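Structural overview for review
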Amino acid sequence: MWARSRLAGSGIGADEALAETLILLVSELVTNAVVHTGCPAVLRLSLPGVAAEPGTVRLEVDDISNRAPVPRCADSDATGGRGLALVDGLADRWGWSAEGAGKRIWCELDRCAETRENAAACAGATSAREGLAYEAV
């Protein structure tokens, strides 16, 4: 998978919890964009410069719809409708913005925080090296 190879190239191992969480978020946000628009989406993944250093991993997905994302309350029998709740539960931050005729949904994970409890320790941490940015259409 494209995202998995980019993570490995940045030093984030496939067995790390961060990698698994990011792959799940990529899958969810890209799938939502394609399902709700019927068109391809643009995926951007920005990674910290060195995997062992703290930093923020940012995932962005652009689509052609100008409709705001709306979290839904899916009942237990529903086969969909949990995507944004999943993003909200897994990401340290997320949001969206209008972009041209469409929108961008983004989420961020703090690299040094395996859990939200450790996120406060990362708040002031920044990498001294420039990170990597990848884009796929």
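To be clear, the structure that these remarks concern was listed above.
Per chain, residue numbering runs from 1 following the sequence as it is written. In keeping with the model being predicted, local features are shown solely for residues with a pLDDT of at least 70 and side-chain atom pairs are shown and tallied solely at 80 or more, while totals for entire chains, interfaces and linings include all residues. As a rule here, side-chain values come from all non-hydrogen atoms in the structure, and water together with hydrogens is ignored.

Digging into the overall build of the protein chain
Looking only at helices and strands, one finds 4 helices and 5 strands in the protein chain. Helix and strand definitions here come from DSSP, where helices need a minimum of 4 consecutive H or I residues and strands a minimum of 2 consecutive E residues; each element is numbered from the N-terminal end. Secondary structure elements of the protein chain, listed N to C terminal, follow the sequence α-α-β-β-α-β-β-α-β. Here the term buried applies to any residue with accessible area under 20% of the maximum for its type, exposed to any over 50%, and partly exposed to those in between, with areas from a 1.4 Å probe on protein chains only. When burial is assessed residue by residue, the protein chain has 38% of its 137 residues classed as buried. Every residue pair with non-hydrogen atoms within 4.5 Å of one another is taken to be in contact. Here the contacts in the protein chain between residues at least 6 apart in sequence split such that 63% fall between residues at least 24 apart. Where accessible areas are quoted, they stem from the Shrake-Rupley method and a 1.4 Å probe; at the residue level, only the protein chains shown are allowed to cover. Split by element, the accessible area of the protein chain, about 7500 Å² in all, is 54% carbon and sulfur.

Looking at the packing of helix 1 (residues 2–9) against helix 2 (residues 17–37)
To get an axis, fit a line to the C-alpha atoms, keeping to the stretch in contact for a helix; angles then go from 0 to 180 degrees between the N-to-C directions. It is the contact of helix 1 with helix 2, at a shortest axis distance of 10 Å, that shows an interaxial angle of 150°. Relative to helix 2, helix 1 is oriented roughly antiparallel. In terms of crossing hand, the pair formed by helix 1 and helix 2 is right-handed. When helix 1 is examined against helix 2, the residues Ala3, Arg4 and Leu7 are found in contact with a partner set consisting of Ala19, Glu20, Leu22, Ile23 and Val26. Grouping the amino acids of the contact of helix 1 with helix 2 by side-chain chemistry returns 6 nonpolar, no polar and 2 charged. Roughly parallel here means an angle under 35 degrees, roughly antiparallel means over 145, roughly perpendicular means 65 to 115, and every remaining angle is called oblique. Take the far helix as your reference; a near helix turned counterclockwise from it by less than a right angle gives a left-handed crossing, and one turned clockwise gives a right-handed crossing. In the scheme used here, Gly and all other residues not listed as nonpolar or charged are polar, with Ala, Val, Leu, Ile, Met, Phe, Trp, Tyr, Cys and Pro taken as nonpolar and Asp, Glu, Lys and Arg as charged.

Here's the deal with a nonpolar patch on the surface
Taken together, the side chains of Leu24, Leu86 and Leu90 make up a nonpolar region of the molecular surface, amounting to roughly 200 Å² of accessible area. Its relative accessible area of 30% is what places Leu90 among the partly exposed residues. Patch membership requires over 30% relative accessible area and the absence of a salt bridge. Like charges are linked within 9 Å, and nonpolar side chains (Val, Leu, Ile, Met, Phe, Trp, Tyr) within 5 Å. The salt bridge definition used is simple: a Lys or Arg side-chain nitrogen within 4 Å of an Asp or Glu carboxyl oxygen.

Remarks on the environment of Val26
As for its position among the elements, Val26 is in helix 2. Sequence separation between Val26 and Val87 is 61 residues, and the spatial gap between their C-alpha atoms is 9.7 Å.

Points about the side chain of Ser65
Among the structural elements, Ser65 can be located in the loop between strand 2 (56–63) and helix 3 (83–90). For Ser65, a relative accessible area of 11% corresponds to the buried category. In terms of polar contacts, Ser65 uses its side chain to reach the backbone amide nitrogen of Arg67, at 3.1 Å. With residues up to four places along the chain from it excluded, the contact list for Ser65 reads Thr37, Ala101, Gly102 and Lys103. Under this definition, polar contacts are N or O atom pairs within 3.5 Å; protein pairs additionally need one hydrogen-donor-capable and one acceptor-capable atom, and for neighbouring residues in sequence, both atoms have to be side-chain atoms.

Considerations on helix 3
For helix 3, every residue scored as buried is listed here: Gly83, Leu84 and Val87. Viewed along the axis of helix 3, the buried residues span an arc of 95°, placing them on a single side of the element. Read the arc as the range of directions from the helix axis to the C-beta atoms.

Limitation: the analysis is restricted to geometry and does not speak to function.
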